[in-house]
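Structural features, examined
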Amino acid sequence: MKLTGPSNGDGMDPVSSFTFQPSSLYEGLVKFMSRLLRPFWYKPAVVVTEGRPIQSKSAYANYYARLPAKVELLLDDITLDEIRRPLVMLQELMKSNFDAVTSIPGVSQRDASDQMDVDDGDGSAGLITRAMQNQSRALQLANNPSQTHYASDKERKQKAFKTEDRNMHSTYRLLSRTVQVLNLLSSLKRAHAMSTLPEVQWGLIHGLTFYQLVTSQEGQQRIETLLNALVSQGDKTLLNRISQDGDRLAQTLSKQCYLFFSSASRLTYMGFKAANDALSRPTKSPQRGLVASKAAAFLRAASRHWYDPALVAGRTNDSDTWLDLANRAFDAGSPLARAAEVLMELGQVEGLVDVCLICGANFGGVKVPRDDRKELEEEAANAVMDWEKGLYHRPASGSTGDNVDPRSSGTQSIVSGMDVTPADALKTCHGILFYYISKLLNEGGEAKQRLAESLVAACASSSDDKFLHSMYEHLLSTNQVKTALRIDSTSLETWLVNEKKDSNLLSDYYSIHGRHFSAGEILLNKAVDPKKVPLAQRIECLTRAANSYSLAMQSTLSSSNMMSMIGGYRRDRALQDRQVSVETLKANIKAIEEKLDIAKIQQRVLTTVDQSQNVDLKPEKLDALRFKLVSVSELYNDYACELNLFDVCLLILNTCNHNEREGIETLWKSVICEEILPCQTTSAIAISFLAQLKQGSPFEEETVMQSGDYGNDLQSFDNGEWIPRLRNRVTALGKELYGKGADYTVPLDLIVQALEGLRQAYSEMHKENKLSQSWPIETMLNVGVPFDALYQSYDSIYLEVDGAIDATIRLHWLASIHELLKMWVNEAFSNHVSSASSEGSSASSQLAQAVKNGGLVERIKAYNATLEGLVEGNSADIDEVKIGFREVEEAIRKGF
């Protein structure tokens, strides 16, 4: 160190007052090396001239072609060898005589601090003259505040020796890289001339000077891209032309150009070579599987060294989807895309997933631990010193890791006109996996489905939550919901709960994995959610919740419907379903079914309101009807009663098991009157009966007029068009109410009296067939009322009118009873028996019971005695009914 600045004279001067003066040995080496480099240092190594267009002699007009591009190398073989020989000798001299060359001076372990002049990419390595170097160092010292502290003579000497060693080491690095660039050009030139080897993509290094190729990061990346193209891209690769020449070229590059032909390139070549070997073997050959596993192991190791985003992703666009990124990578010949393609062809789905996720870890994904059982590393060349291993093939400091934005990487794209970031590369790594998942699932076929399940299972075993969430989202967005939900993982469950917040998806997930109680809870909570939820969705949730609780009550064994492929690959097992007693489940099911019954009635009210143009509901009431579960009392009082929805009122009373006789009878009167009134008729009997029927109902004020008073404005009772409407209405409503445990909501006596009264009034106007019309009986039988119960109703009503003065009414009821008994007997003794619980066998057992214990035969005799005593009425009708009773009695006696 030479004192060149102000001094205190006490020997304790600041470092800034001293200037490092290199040794004569170092200066001599630099001068000698600069003389060797100067002739070609700033000249382009390769110039590619685009072929000029020529007009084709083809018959097609205006068709132009181009001559092949012209490649010109600065150095021919002889010149290159003459330049390289002294450089190699100098390299060997420094390597054998200077300790500073064999290790990094001042660095105890390899990390970011081993980046020196030639590695910084700031251009200082190109300062090969003494003046350029001194000027650069002076500027660095002026900007370095650490140079102001005081140093002793011993410290200055230590500093001087350290600086000398680092300068010597840096000079060796520059020399070594220069030699390897010359070796590389020589090897590529020979490869270009050999027809058995693929074409060298000289355009990648077109116009770059030797200085740029040796010292710049762009030069390093362009050379690596060129070399990767030889082993992984397109059809023109070493792999598609496997030969001894290709092997020799790969070996030469790994030994003489290892600073450029990286581990990624070497391992990629070895992986693809093994893959092609496996593909050449029979599909079911044991050796094929072994060689395929070896290929996957090499490619796993290679993917740890793919640090260049542009190399992995190719050209990208901000609007690219997952599949767009994957397709662009395939088109660009990405080594990752090529590796995925060949591994999928070999059926190495686990290797495919590992390769993509390991590569993704280089760009911000979660690091995948190394497994020596599944990865094979190449052996370093003998001439490689320890500090040279992977020196120029490591990511920039801080470019990877879970907490680092992938776009912060210092790695620059060399794709012209595009900014390919680590985030793009990471998305491409994931997109390739999603591409194959979708492809296999969409292709169909048992073999493809098994492969798809294995691929999804391998992906699901990842510890990268961001990747897993992206996969879940991709599966859902591509309509592969079942595939996604069959993954057994707490990661998926947490994502469904916290991210998607979709009760249907979460409940389906629980159901698929046998957690029926949890599924029921989710669905029930959704059904009673205080937020606005459409009524149809609430009903669906209640229905599914009841089914889930029923399955939970029946489920005593472990779920048997999980994907078998998940078992060996899932990262964790979802929690087991909660243990709940059968009594609790039964209580839950009962409560849900009650809510469901009311909700369905509410849906019926809503449908009626939507279809009606005369309903006037307040907006808040209508909103509650559409989006909430209205309480049963509110539904009855504020909707059904207010809107005169008599059927709904009866359904609510039936569902709630509420027995209010007067209210039920009034509602049934209203149902019947609603189908007939207002009307006009020519029959005084009809007017009298309808006036009696409507009393106490909301139709009490409705008009029943003599025909002609209102012209054609009122429907006619006489034409009977109301009969089929009334029958359908009573049948449909009766079926909903009868046999549901609340038969009191179907008052038989009232309904029978009303229908038979209407029948009688109508029959008086059509005397020619008044005894043949049995539609009231048929209607009640269609409702589901058994013969014996219907007969008891008819018989009790007859007993009430038996003392009536009007013989016509008595004859009418006797005729109706005859029709009922005739139908009963015919049904009981019919030859058609479909099952033990069929109507025929039921009617037969009921008839037998009535004959044995009910005195049916004696009642028939009493009916005939009454007919004998009738002196008024149509004698022909009386005789017809009497004959009918005798026939029924005779049939019963024969049958029993």
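All of these numbers come straight from a predicted model, not from anything done at the bench. (Residues numbered from 1 in each chain as written. Predicted model: local features only at pLDDT ≥ 70, side-chain atom pairs only at ≥ 80, totals over all residues. Heavy atoms only, no water.)

Scanning the chain from N- to C-terminus turns up 37 helices and nine strands. When burial is assessed residue by residue, the chain has 48% of its 896 residues classed as buried. Residue pairs at least 24 apart in sequence account for 72% of intrachain contacts in the chain once pairs closer than 6 positions are excluded. Carbon and sulfur atoms make up 49% of the accessible area of the chain, which amounts to about 43900 Å² in all. (Helix = DSSP H or I, 4+ residues; strand = E, 2+ residues; numbered from the N terminus. Buried < 20%, exposed > 50% of the residue type's maximum accessible area, 1.4 Å probe, protein only. Contact = heavy atoms within 4.5 Å. Areas by Shrake-Rupley, 256 points an atom, 1.4 Å probe, with all protein chains shown as cover.)

A separate point is the nonpolar core. Membership of the largest hydrophobic core comes to 111 residues, with the highest contact counts inside it found for Trp668, Ile676, Phe717, Leu758 and Leu821. A total of eleven residues in this core trace back to one element, the largest contributor, which is helix α34 (residues 807-828). Setting aside chain neighbours within four positions, we find Leu821 in contact with Tyr791, Leu856, Ile860, Tyr863, Phe885 and Val888. Counting 70 residues, the second-largest nonpolar core is a separate cluster that includes Ala302, Ala340, Ile358 and Ala460. (Core = buried A, V, L, I, M, F, W, Y, C linked by side-chain atoms within 4.5 Å.)

All right, on to the sheet that holds strand β9 (residues 715-716) then. Pairing within the open sheet is parallel, and its three strands lie in the order β8-β7-β9. Strand pairing shows two members of the sheet lacking a second neighbour, β8 (704-706) and β9, which therefore form its edges. Across three bridges, strand β7 (residues 679-681) lies against β8 in parallel orientation. Within the sheet, the bridge partner assigned to Gln680 lies in β8 and is Met705. Strands in contact with helix α29 (residues 684-693) are β7 and β8; relative to β8, the strand with the most contacts, it is inclined by about 165 degrees. (Pairing = 2+ DSSP bridges. Axes fitted to C-alpha atoms, helices over the stretch in contact; angles between N-to-C directions.)

Positionally, Arg300 belongs in helix α11 (residues 286-303). We classify Arg300 as buried; its relative accessible area is 7%. There is a polar contact of 2.9 Å between the side chain of Arg300 and the side chain of Asp354. Look past the residues within four positions of Arg300 in its chain and what remains in contact with it is Glu350, Gly351, Asp354, Val355, Ile358, Lys374 and Glu375. (Polar contact = N/O pair within 3.5 Å; in protein donor to acceptor, adjacent residues only side chain to side chain.)

Here we take up the pattern of salt bridges. Inspection of every chain in the model, using the stated rule, returns 31 salt bridges. Between Arg338 and Glu341 there is a salt bridge, and its shortest N-O distance comes to 4.0 Å. Taken together, the positions of Arg338 and Glu341, both in helix α14 (residues 335-345) and three residues apart, correspond to about one turn of that helix. Its salt-bridge partner being Glu675, residue Arg729 comes within 2.6 Å of it at the nearest N-O pair. With Arg729 in helix α30 (residues 722-737) and Glu675 in the loop between α28 (661-674) and β7, this residue pair connects regions lying 54 residues apart in the sequence. (Salt bridge = Lys/Arg side-chain N within 4 Å of Asp/Glu carboxyl O.)

For the structure shown, the criterion picks out 20 aromatic pairs. Ring geometry for Trp722 and Tyr762: centres 6.3 Å apart, planes at 90 degrees, overall edge-to-face. Placement of Trp722 in helix α30 and of Tyr762 in helix α31 (residues 748-763) is noted, with a sequence separation of 40 residues between them. Under the relative-accessibility criterion, Trp722 is labelled buried at 0%. Considering the side-chain rings of Phe787 and Trp824, the 6.0 Å spacing of their centres and the 5 degrees angle between planes classify their relative orientation as stacked. In this pair, Phe787 is assigned in helix α33 (residues 787-801) and Trp824 in helix α34, connecting sequence segments 37 residues apart. Residues Phe787 and Trp824 agree in their burial class; the two are buried. An aromatic cluster is defined as three or more aromatic residues linked by ring pairs; in this entry it consists of Phe717, Trp722, Tyr762 and Trp775. (Phe/Tyr/Trp six-rings, centres within 6.5 Å; stacked < 30°, edge-to-face > 60°.)

Right, let's talk about the packing of helix α36 (residues 856-869) against helix α37 (residues 875-895) for a bit. It is the contact of α36 with α37, at a shortest axis distance of 10 Å, that shows an interaxial angle of 160 degrees. As summarised for this structure, α36 and α37 are arranged roughly antiparallel, according to the angle between their axes. In this structure, α36 crosses over α37, and the sense of that crossing is left-handed. Facing α36, whose interface residues are Leu856, Val857, Ile860, Lys861, Tyr863, Asn864, Leu867 and Glu868, α37 presents Ile878, Val881, Lys882, Phe885, Arg886, Val888, Glu889, Ile892 and Arg893. Of the residues belonging to the contact of α36 with α37, the class tally is ten nonpolar, one polar and six charged. (Parallel < 35°, antiparallel > 145°, perpendicular 65-115°, else oblique. Left-handed = near helix turned anticlockwise from the far one by under 90°. Nonpolar A, V, L, I, M, F, W, Y, C, P; charged D, E, K, R; others polar.)

Here the focus is the environment of Asp488. As for its position among the elements, Asp488 is in the loop between α19 (481-485) and α20 (490-500). Put simply, Asp488 and Ala460 are 28 residues apart on the chain and 8.6 Å apart in space, counted from C-alpha to C-alpha.

A word on the side chain of Ser697. Residue position: Ser697 is located in the loop between α29 and β8. Looking at Ser697, its side chain comes within polar contact range of the main-chain oxygen of Lys694, at 2.7 Å. When sequence neighbours within four positions are dropped, the list of residues in contact with Ser697 reads Thr666, Lys669, Ser670 and Cys673.

With that settled, consider the confidence of the model for the chain. Of all residues in the chain, 80% attain a pLDDT of 70 or more, and the chain-wide mean is 82. Scored below 50 in pLDDT, residues 59-63 makes two contacts in the model with residues more than four places away or belonging to other chains. The low-confidence segment residues 398-417 (pLDDT under 50) makes 43 contacts with residues lying over four places distant or belonging to another chain. (pLDDT = per-residue confidence, 0-100.)

So, on to the environment of His516. By the element assignment, His516 lies in helix α22 (residues 516-527). Along the primary structure His516 and Ser555 are separated by 39 residues, whereas in three dimensions their C-alpha atoms are 8.4 Å apart.

For the rest of this paragraph, the subject is unusual backbone geometry. The omega torsion across Leu677 and Pro678 is -10 degrees, close enough to zero to call that bond cis. Following the sequence through the fold, Pro678 ends up in the loop between α28 and β7. Unusually for a residue other than glycine, Lys501 sits at a positive phi of about 55 degrees. Within the fold, Lys501 resides in the loop between α20 and α21 (503-512). Unusually for a residue other than glycine, Asn644 sits at a positive phi of about 55 degrees. The topology assignment puts Asn644 in the loop between α26 (632-641) and α27 (646-655).

Packed helix pairs are characterised by how far apart their axes lie and by the angle those axes make with each other. Close contact between helix α15 (residues 349-361) and helix α17 (residues 446-460) brings their axes to 9 Å; oriented N to C, the two are set at 40 degrees. Handedness of the α15/α17 crossing: right-handed. Seen from α15, the contacting residues are Val349, Glu350, Leu352 and Val353; seen from α17, they are Leu451, Ser454, Leu455, Ala458 and Cys459. Of the residues in the contact of α15 with α17, the class split is seven nonpolar, one polar and one charged.

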